[in-house]
Structure formats: structure tokens, C-alpha cells
Amino acid sequence: MSEPDKFEDDLLYALTRTGEGFRPGRADLVAGGYRRGRGRWRRRSTAAVVGGAAALALVGTGAVYLGFPGARDAGTVSAASAPAATAGGDGATASATPTSVKSSAPVVITGDEVVATFQALLPKGQVSDAKGHGTDENKGMYADANLVFDDGQGRSLMGLSIQKHRPKDVQPQTCPTDLELASLDSCAVTVLPDGSKLMLTQGYEYPDHRATTKEWRASVARPDGGLIGLSEWNSPQEKDAPDSRPNPPLTPDQLKAVVTDPSWNRVVAALRFDGVDTEAIDPGLSLHDRESVLTGLLPAGVTVTDRRSRDLRADFELAGGGRTGTLTLTVENWAKAPDDRPGPEAYQGAESLPDGTRLLARGAAAKVPKGVQVVDAMRPDGVEVLVTLVSKGDPLLTEAELRAVATSPQWTPKK
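Here we summarise the structure given alongside this text. (Residues numbered from 1 in each chain as written. Predicted model: local features only at pLDDT ≥ 70, side-chain atom pairs only at ≥ 80, totals over all residues. Heavy atoms only, no water.)

### Describing the overall build of the protein chain
Assigned secondary structure in the protein chain consists of eight helices and 17 strands. In the protein chain, which comprises 415 residues, the share counted as buried stands at 56%. Long-range contacts, defined here as pairs at least 24 residues apart, represent 65% of the contacts in the protein chain between residues at least 6 apart. (Helix = DSSP H or I, 4+ residues; strand = E, 2+ residues; numbered from the N terminus. Buried < 20%, exposed > 50% of the residue type's maximum accessible area, 1.4 Å probe, protein only. Contact = heavy atoms within 4.5 Å.)

Here it is, written out as C-alpha cells:
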């Protein structure tokens, strides 16, 4: 499967598990999941992805694409016993993460070290197919490891990912309101003594339950921006493999012990912030500015009935012809942050317009849920316009009308 195809499959999977569905008013979540998905994907597009060994970690009602690309093979080894974790009365791990870790540390962590640390935190058992990435790769923006673990009761794929976000880019840790819709049996969020937020979920690989493969996950968001996630399956592969055991091997407490262990402090300290500096790419367009431009681009009969904004994103409630929908608009000026600008590989398969704009449109003909339309336009001057529409019932706007919004030259930065 090609990287663009894999991205679309994973995007679909993420969007169908947001917990809030795709009701009008939730287009911001869809856009957020799409934006974060493309960001993670483009940063990792040069890495070899182990066939299907990727995890989509739901962070509340948003979605983060956490791939587990592998470049090394550590062979088959025995895992050491996990260090004991002392839990308090609320279930929080006593060896909590520090409130701050300096990001300027010149330490370099190799993929082999990440794998070794991961293995040392597992219970006794056999580990095979272990691979990892360290801070010496991919500009030090993330570290990860994936392996197959067998405690004697059946083989289980496990994937670990470590990132570090700037304060504005920290992902929320909240459970979806509808566990059944999110394909989860359970979800719990705990605030640890140091202020970290730990989320534990027990769910399934396939939202439609076409297979019984389970995915259990722990994710901790730390005050220093560190985000450590661990997923495990009751199968040696994430997809397309028979279940090897009734449940994944690690209990929720064991998952928590791994992601909150202080062994990861060195890795987090060695990572670069991988979130994009929103202040640098802010085009200076206020909510009023965006609404003024958008109103002039909407077809006759469609009006804005409500609006709100957060950071670079603006959400507009639309109505027309008896139909309603939520349009989320994001305008970013990548000319001011060329190192973070999405490269050509992020637009594989995109349409090239006469003015040099690269355009990606996903709607009814693509692998996007019914009622969701996404148009992403990157102009030669570095201005990117992302338009997401979630309609109730029939699409409120046609793809051509959305394309007209995304490609309009009226989106001119003011700073």
C-alpha cells in the first residue's frame, strides 16, 4: 500500500473514531484530525513504514496519527522484568514525570536505545521484530518503537511513540461522550501528581467490528510537552491477522507504568518540539476578516448563521435551501516558517493548478465518511487554505464550490 493510500485509510479510521461522529458543529475536530494527520505523515514520509504497524491514538475527540516506522531489527530477545510502579490511592504512579525538562539538552538517543528502554519496562516474555527510531533521525522530532511481545499466552503487537509539543500544541486528554460510537469498552482520564494527564482506553482495531482484534492504549500528556503513547493488540499484527489471544497482554496499570516511567525523561529532553509555531504562520486574518471573505465566496442562498474561532481555525455555521452544515476554515502563511512548510511529498496525487497551487480534494469519491468534504490548497507563495465541511444530510456545498473557497486569491495575509 502506498503512503498516500495508507494515509487515507488511517485518516478514515481516525475520523470514524472521534466519538462525536460528524454532526454539524464538529467540523473543527475533523479538520484538526486531518491537519495533525497530514503533519505527522509528511514528517515521516521518508521513513520506511512496517507493513500496517501504525497506531492511531485518539486523544479525546481529536485524532493524532502516530506511525511506527521501523529501520532496525533487534532480533528475538528476552525482555527483563518491568520496574515496580507504586500506585497511590487514586491509581496514579508515584514515580511521576518532572514538571519541566530542558529541551536544549544535547543528548542523542538512538532507536536501539528506545527499543532497549521499552523492553526493560515489559514483564517477562519473548520479544521479536523490534524496531525503533531515535532522536538521531528525522530531525529529532519524535522517537518510537514497535515490537511483538509474547508472555507465553500469545503474541501481541505493541507500538510506542514519544513526541514533544509546544504549549499551544498540546493535545487534550478527554474521553468521548459516546463510548459505543467511539468503539471503546472503557475510557478513563487521571490527573497525576505532577499535572500530567493520563488516558487509558480499551477498544477495538475496527470501528465496525468486522474483526475481534482489540486495541488497548495508554497516553500521557506531560507539563513539559512530552506525549508518550503505547498501544497493544491481541494479535501479532495491527490488521489482517487472526487474534492470538482473548485480550492484549498488559493490564491498564501495566500500560500506565510503562508510559509514566521516568526512563523516558531523557528521550523527551532530547526531542525537538514537533508542533508548528502557530504565531509564526498566523496570516493575521481576524474572524471578521475571514467571514467577510467567506461570505463573498459562498453561493447565493447560503448564509453564515454563527461563527467562532480558536488559534488559526475559524468555524462557521452555514444554512441554505433547508440544509445546514459547519465549515471549518484554516489559513496559514508557511512563507514565514519555510522549514515547517509541507513538502511536495505531502501533496502526492494533488492537482496542479495553472497558478502553481497544489490542490487536494477529498469528498464522496474518496475514502472520507459520508457528509464530510475536505479541500486543501497550497499556493506557491506559501499560503495554505484548508476547508472542511460537515453537512447534515445532503452536502450543503458542491466540491466545486469548496474548491472556489480554498483557491480564492482573496486570502491575503495581513502580517
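### A look at unusual backbone geometry
A positive phi angle, close to 50 degrees, is found at D129, a residue other than glycine. Topologically, D129 is positioned in strand β4 (residues 125-133). On the basis of relative accessibility, which here comes to 36%, the residue D129 falls in the partly exposed class.

### Overview of the pairing of strand β5 (residues 143-150)
Here β5 lies mainly inside the structure; seven of its eight residues are buried. By the bridge criterion, six bridges tie β4 to β5 in an arrangement that is antiparallel. The residue of β5 that forms the bridge with G132 is A145. With eight bridges connecting them, β5 and strand β6 (residues 155-164) associate as antiparallel partners. Its bridge partner lying in β6, A143 is registered against I162. (Pairing = 2+ DSSP bridges.)

### Remarks on the packing of aromatic side chains
A full pass over the atoms with the stated rule returns zero aromatic pairs. Taking NZ or CZ as reference, K164 lies 5.0 Å from the ring centre of F273, over its face. (Phe/Tyr/Trp six-rings, centres within 6.5 Å; stacked < 30°, edge-to-face > 60°. Lys NZ or Arg CZ within 6 Å of the ring centre and 35° of its normal.)

### Things to note about the state of the cysteines
A complete count under the given rule lists one disulfide for this structure. Bridging C175 to C187, the disulfide has an S-S length of 2.0 Å. Every disulfide takes its handedness from the sign of the S-S torsion; for C175 and C187 that torsion is -85 degrees, giving left-handed. With C175 in the loop between β6 and β7 (184-191) and C187 in strand β7, this pair connects stretches of sequence that are twelve residues apart. Residue classification places C175 among the partly exposed positions, given a relative accessible area of 26%. (Disulfide = S-S within 2.5 Å.)

The quantities given are spatial measurements derived from coordinates; they are silent on function.
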